[in-house]
Amino acid sequence: MAATKTAAPGDLLAQIADERQTGALVVGGHPGGAVYVFEGRVIYAESPAAPGVGELLTSSGRLAGRTWQNALDLGTSTARVGRLLVEQGHLTQGELELCVLGATYDAAYFVLAAGTGPVEFLPSATHWLGPVVHIDTAAVLREVRRRVKLLDDIIPNTRIDTAPVTPVARPPRERVTVTALQWELLIHADGQRTPADLALLLGRAGYATIQELRRLAALGLIELPEVRVPENSDFVRLPQHRREVAPVSRPAPATAEAPVVPVISGPAPDRHPPPDSGPPSGAPPPAATLPPPAPPPGEGNTGPNRLPRLARRKPGAKLPKELAGIPDPPVHQGTDEVLLKRIRTALRALR
Amino acid sequence: MPGVDHCLQEAMTIPGAVGASIVDYTTGFPVATTGAAPNADHEGAAAGTAEVVQAANSRSLFVSAIPHDLLEDLIITTAGGYHLLRVVQTEFDSRLVLYVWLDRVRGNLAVARRKMQRLADELVAS
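Just so you know, these numbers come straight off a predicted model, no measurement behind them.

Peer 1: Tell me what's going on with the interface of chain A and chain B, and back it up with residues and numbers.
Peer 2: Counting residues at the interface gives 34 residues for chain A and 28 residues for chain B. Where chain A abuts chain B, roughly 2,600 Å² becomes buried across the two surfaces, and 57% of that area is made up of carbon and sulfur atoms. At the boundary of chain A and chain B, one finds 3 salt bridges. With its nearest N and O atoms 2.7 Å apart, the salt bridge here joins Glu91 of chain B to Arg344 of chain A. Between chain A and chain B we count 10 residue pairs in polar contact (both at pLDDT 80 or more) in total. When residues of the side of chain A that touches chain B are assigned to their parent elements, the largest contribution, 8 residues, is made by helix α5 (residues 93–112) of chain A. Along the lines of polarity and charge, the residues of the side of chain A that touches chain B split into 12 nonpolar, 10 polar and 12 charged.

Peer 1: Quick one: what's the story with the pairing of strand β2 (residues 29–35) of chain B, residue by residue and with numbers?
Peer 2: As paired elements, strand β1 (residues 17–24) of chain B and β2 of chain B share 6 bridges and run antiparallel to each other. When the bridges of β2 of chain B are listed, Val23 of chain B appears paired with Pro30 of chain B.

Peer 1: I'd like a rundown of the pattern of salt bridges, residues and numbers included.
Peer 2: Applying the stated criterion to the full structure yields 20 salt bridges over all chains. Here Glu143 of chain A and Arg146 of chain A are joined by a salt bridge, their closest N and O atoms 3.1 Å apart. Within this pair, Glu143 of chain A and its partner Arg146 of chain A are both found in helix α6 (residues 137–154), separated by 3 residues, close to a single helical turn. For Glu143 of chain A, a relative accessible area of 2% corresponds to the buried category. Asp103 of chain B is paired through a salt bridge with Arg106 of chain B; the nearest N and O atoms lie 3.9 Å apart. Given the relative accessible area of 54%, Arg106 of chain B is considered exposed. Through salt bridges with shared partners, a single ionic network connects Glu184 and Arg204 of chain A together with Asp93 and Arg95 of chain B.

Conventions adopted
Residues numbered from 1 in each chain as written. Chains lettered and ligands numbered in written order. Predicted model: local features only at pLDDT ≥ 70, side-chain atom pairs only at ≥ 80, totals over all residues. Heavy atoms only, no water. Contact = heavy atoms within 4.5 Å. Buried area = accessible area lost by both parts, 1.4 Å probe. Salt bridge = Lys/Arg side-chain N within 4 Å of Asp/Glu carboxyl O. Polar contact = N/O pair within 3.5 Å; in protein donor to acceptor, adjacent residues only side chain to side chain. Helix = DSSP H or I, 4+ residues; strand = E, 2+ residues; numbered from the N terminus. Nonpolar A, V, L, I, M, F, W, Y, C, P; charged D, E, K, R; others polar. Pairing = 2+ DSSP bridges. Buried < 20%, exposed > 50% of the residue type's maximum accessible area, 1.4 Å probe, protein only.

Below you can see the structure in the form of structure tokens.
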């Protein structure tokens, strides 16, 4: 049974489960991966296209890289990395189980969704994480089929799942709404990273990543991968560089310089001609030579950040809303919380 | 250390609980289930649960503009029962909700909500 053969990995896994075997089903090809079975039940799955438990826990900052590495060093030989993390108090049992369940279903999709490929079963092989969960194999297979269908319901184009992601230079409509994960993907997509790279980089589930990428493709926000024409196989297509929508070094708009238009300002109206008395391009602008008037209270245009003053402002008139005072830098309410979380993570790593 | 199964067992001790599950709302898949499900179909219930959570997460009416003001609970009542959804906040990427189905006559919404809050927190906090 250890010989490599070409078969549908799903069928073989069902057979292994029926026979209540223990071992690893290794599937070749792209992306490939392995499903670990213990007495006919799935205990873990891994694939290069799906971040594993370690990547999920460390890239989110839940565990320090050192903590994870220590657990690997201690527990790999005895296949109890997961139990060690819980026993040492780095993770709760609930967190570990949820993380393993998520990672297993995620990787199982990439290992088993491929129709056929080189498949090998390594009897009695086990995973260094150790058995944390035991999942009914039929449920895994059913879920993989369902996930394939979910993706095809969004847009049936499997090339999106593997090709480098390129955001479109201009969105196809004026107003675009994206989810948090879609935004993360769009700002990290550079025309070179594949969906698997993005999932690893962001510590996001591989399936959730391609699900959002298919949605982005359906919205027209990422470019559809070109179908490679077989005649062009002599050429190597270089990764497409992401185009710039606007030059990065745009000149900053000049502010607080001398106003180009004469200004009739608020106080002391008796010393000025009335606002509408003359054309604005008339000889020496009357207000330009006067000392700056005391700004009306509450308009926030004092100090060095004074805004360019408006032409033909009537005494006592208010500034338009978009100019009424430079807004204070936004108070980021989460700062303390983020800092405290990082401290907590660091302290946990010391335990 | 409470695991997933323990969390669901505890959820079933909520007065009036008929069934409980933990659902991955990106895929609509029940990660773990116990007890009964509407129409005796946990997977169908999970798919529906995911659609409800995604709708609440994507409609501007319910999405707060304030940072970290995230969705907590969804409560749906019918003539015969209460359906409570509580988002499980994990630090790693998971996107899970705890779902409990309560009998309308025996269940108490306030008690159940507080208990679910505690269960969801205990599941991920040490």
